[in-house]
Amino acid sequence: MHERAEARLADQIMRFFRLGARAKGMLNSGDLGAEFSALMLLFPLRFLGPMRVTDLAEAKQADPSTVSRQAAQLVKAGLARREADPEDGRVSRLAITEAGLDACRQLHDAREAFLAEVLSSWPAERVEAFVELFIEFNTAVEARLRISAAPPQRENA
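A brief structural summary. Not measured: the values here are computed from a predicted model. (Residues numbered from 1 in each chain as written. Predicted model: local features only at pLDDT ≥ 70, side-chain atom pairs only at ≥ 80, totals over all residues. Heavy atoms only, no water.)

**Points about the pattern of salt bridges**
1) Next: Taken as a whole and assessed by the stated rule, the structure comprises 7 salt bridges.
2) Next: With its nearest N and O atoms 3.4 Å apart, the salt bridge here joins Arg 4 to Glu 6. The same class applies to Arg 4 and to Glu 6, which are both exposed.
3) Next: Across the pair Arg 52 and Asp 85 runs a salt bridge, and its minimum N-O distance is 2.7 Å. Here Arg 52 is found in the loop between α3 (42–48) and α4 (53–60), whereas its partner Asp 85 is found in strand β1 (residues 80–85), with 33 residues between them in sequence.
4) Next: If you follow the salt bridges from partner to partner, you end up with Arg 81, Glu 83 and Arg 93 in one network. (Salt bridge = Lys/Arg side-chain N within 4 Å of Asp/Glu carboxyl O. Buried < 20%, exposed > 50% of the residue type's maximum accessible area, 1.4 Å probe, protein only. Helix = DSSP H or I, 4+ residues; strand = E, 2+ residues; numbered from the N terminus.)

See below:
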């Protein structure tokens, strides 16, 4: 008896999530001075600009207290800085620093190197077909969830 394609895909997506959690530990990005989850806050800061921690939490769909703790790690590591919000000087925003931009590049390069290694035995046309199908899949999921198809933030680079 054959499983439905949707059931097989659901199983493979869950497998991918489990593998992703393990793979992030394999990224050769060096010690950037903050937890991996905190480092992932750098990407929205890079692509969307400075923002309040509450807005950053909303962008990452995370708990504001967790994001606040992670933001403190980024500031302590010199990857982000606090600055006054131009709309309300009593409130601070988090902004990425040059060191934070460098960290983004390191994380991005580490991810690309990992994927290049994983896909090294695949023919180029299969890699390209996989990329196109994955884009189509993500677009369909975004449409179903009614998420705007904003330009990718290259999250978790």
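**Let's talk about helix α6 (residues 98–118)**
1) Next: Given a rise of 1.5 Å per residue, 21 residues ought to cover 30 Å, and the 30 Å separating the end C-alpha atoms of α6 matches this to within 8%.
2) Next: Inspection of α6 places Gly 100, Leu 101, Ala 103, Cys 104, Leu 107, His 108 and Ala 110 among the buried residues, and these make up the whole buried set.
3) Next: In this structure, the buried residues of α6 make contact with α2 (36–39), α3 and β2 (88–96). (Expected span 1.5 Å × (residues − 1). Contact = heavy atoms within 4.5 Å.)

**Some words on unusual backbone geometry**
1) Next: With a phi close to 50°, Gln 61 is a non-glycine residue in the positive phi region.
2) Next: Summarising the element assignment, Gln 61 is placed in the loop between α4 and α5 (64–76).

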